[in-house]
Amino acid sequence: MGAAGCGGGDEPRLTVSAASSLKTAFTEHAETFDGAKVRLSFGGSDQLAAQIRAGARPDVFAAANTELPRQLHAEGLVEAPVRFASNRLVVAVRDDGGVRAVAELAEPGTKIAVGSPSVPVGSYTRGALRRLDPGVAANVASEEPDVSSIVARVRAGAVDAGFVYATDVRPLEELRAIELPFRTRVEYAAAVVRGTKNTREARRFVRGLRGAKALRDAGFGP
């Protein structure tokens, strides 16, 4: 899990725990957020939710699905979640690699990285694998804790392909995205964590995510 700080002066400190796939967009968005210093912490959505259940109290939680914030809301740990962005699942491959099409993922010897079952990208991927040639699932070589780890393995050549989000491939020149033959819609939701001393700033941060320029620039949909 990585962290970054933004802001300055004597403003309140706002801690935001967010899915790894939001790193680029949230870092830019935090730099333009007025009224609070924003400290960003990134990791797998499931890991961040587990930390809140264990007693961690960031001001805002943003996940790469709607289910985890919904669960935390039902448990009384966060306020009502707000859906703020969408994405899509793709297959990331090295531009100089051998895989050029989805059908080739089923070929013997192909190594594929996916997210672990508990992390949103892993859940989305398993839904996609059920719709693809069974040989694709048979070639899964590693299960990673977040999209950053999947991307790192593809970039390093440790695997031939990885199931990630379109926005994870977009900024990387050495990778390209292979579109799936069907659309897997990915939705993000954020919520204010109950018990924060910065409720007003946290709610303003969450509201500002809907239609945020930084998210649009990074390739997220509405």
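Nothing here was measured: the structure is a model prediction, and the numbers come from that model. (Residues numbered from 1 in each chain as written. Predicted model: local features only at pLDDT ≥ 70, side-chain atom pairs only at ≥ 80, totals over all residues. Heavy atoms only, no water.)

Q: With reference to specific residues and values, describe the overall build of the protein.
A: On a plain count of helices and strands, the protein comes out with nine helices and 10 strands. Taking 2.2 N^0.38 as the reference for a compact globule, 222 residues should give roughly 17 Å; the C-alpha atoms of the protein span a radius of gyration of 18 Å, in line with that estimate. Taken across its 222 residues, the protein has 52% of its residues classed as buried. Mean positive and mean negative side-chain charge positions of the protein (30 and 26 charges, respectively) differ by 6 Å. (Helix = DSSP H or I, 4+ residues; strand = E, 2+ residues; numbered from the N terminus. Rg over C-alpha atoms; globule rule 2.2 N^0.38 Å. Buried < 20%, exposed > 50% of the residue type's maximum accessible area, 1.4 Å probe, protein only. Lys, Arg positive; Asp, Glu negative; His and termini not counted. Charge placed at Lys NZ, Arg CZ, Asp CG, Glu CD.)

Q: Report on the nonpolar core, specifying residues and quantitative values.
A: The biggest cluster of nonpolar side chains holds 65 residues, and the ones touching the most others in it are Leu 22, Phe 26, Phe 84 and Phe 163. With sequence-adjacent residues up to four places away left out, Phe 26 is seen in contact with Val 16, Ala 18, Leu 40, Phe 42, Ala 62, Phe 84, Phe 205, Leu 209 and Leu 215. Judged by nonpolar contacts, the second largest core, of 11 residues, contains Leu 48, Phe 61, Ala 191 and Val 193. (Core = buried A, V, L, I, M, F, W, Y, C linked by side-chain atoms within 4.5 Å. Contact = heavy atoms within 4.5 Å.)

Q: Explain empty space enclosed by the protein residue by residue, including any values.
A: Taken as a whole, this structure holds one cavity of 30 Å³ or more when the rule is applied. In this structure, the largest cavity occupies an estimated 60 Å³ of space. Lining the largest cavity are 13 residues, with Ala 19, Ser 20, Ala 64, Val 119 and Val 147 positioned closest to its centre. (1 Å grid on protein atoms, 1.4 Å probe; cavity = no way out; pocket = protein on both sides within 12 Å on 5 of 7 lines; lining within 4 Å. Points joined across faces, edges and corners; volume = space filled by probe spheres on them.)

Q: Help me get a handle on the environment of Val 186, residues and values and all.
A: Its location among the elements puts Val 186 in strand β10 (residues 185-192). Separated by 21 residues in sequence, Val 186 and Tyr 165 place their C-alpha atoms 8.4 Å apart. Here Val 186 is in contact with Ala 64, Ala 85, Ser 86, Asn 87, Arg 88, Leu 89, Tyr 124 and Tyr 165, once residues within four sequence places are set aside.

Q: Can you explain the packing of aromatic side chains? Please cite residues and give values.
A: Tallied over the entire structure, the rule returns seven aromatic pairs. A centroid spacing of 5.9 Å and a plane angle of 75° characterise the contact between Phe 26 and Phe 205, whose relative ring orientation is edge-to-face. Note that Phe 26 is positioned in helix α1 (residues 23-31) and Phe 205 in helix α8 (residues 199-209), a separation of 179 residues in sequence. What makes Phe 205 buried here is its relative accessible area of 0%. By the ring-pair criterion, three or more aromatic residues cluster together here, those being Phe 26, Phe 33, Phe 84, Tyr 124, Tyr 165, Tyr 188, Phe 205 and Phe 220. If you follow Arg 131 out to its NZ or CZ, it ends over the ring of Phe 182, 4.0 Å from the centre. (Phe/Tyr/Trp six-rings, centres within 6.5 Å; stacked < 30°, edge-to-face > 60°. Lys NZ or Arg CZ within 6 Å of the ring centre and 35° of its normal.)

Q: Help me get a handle on the pattern of salt bridges, residues and values and all.
A: Within the structure shown, the criterion is met by 13 salt bridges. Glu 187 is paired through a salt bridge with Arg 83; the nearest N and O atoms lie 2.5 Å apart. On the criterion of sequence distance, the pair formed by Glu 187 in strand β10 and Arg 83 in strand β5 (residues 82-94) is long-range, its members being 104 residues apart. Under the relative-accessibility criterion, Glu 187 is labelled partly exposed at 22%. Across the pair Arg 94 and Asp 96 runs a salt bridge, and its minimum N-O distance is 3.0 Å. (Salt bridge = Lys/Arg side-chain N within 4 Å of Asp/Glu carboxyl O.)

Q: Hey, could you go over α8 for me, with residue numbers and the actual values?
A: The complete set of buried residues in α8 reads Glu 201, Ala 202, Phe 205, Val 206 and Leu 209. The buried residues of α8 occupy an angular sector of 135° when the element is viewed end-on, so they sit on one face. For α8, exposure combined with an orientation more than 90 degrees from the buried face picks out Arg 200 and Arg 207. Once α8 ends, the next one or two residues include Gly 211, with phi positive near 80°. (Arc of directions from axis to C-beta.)

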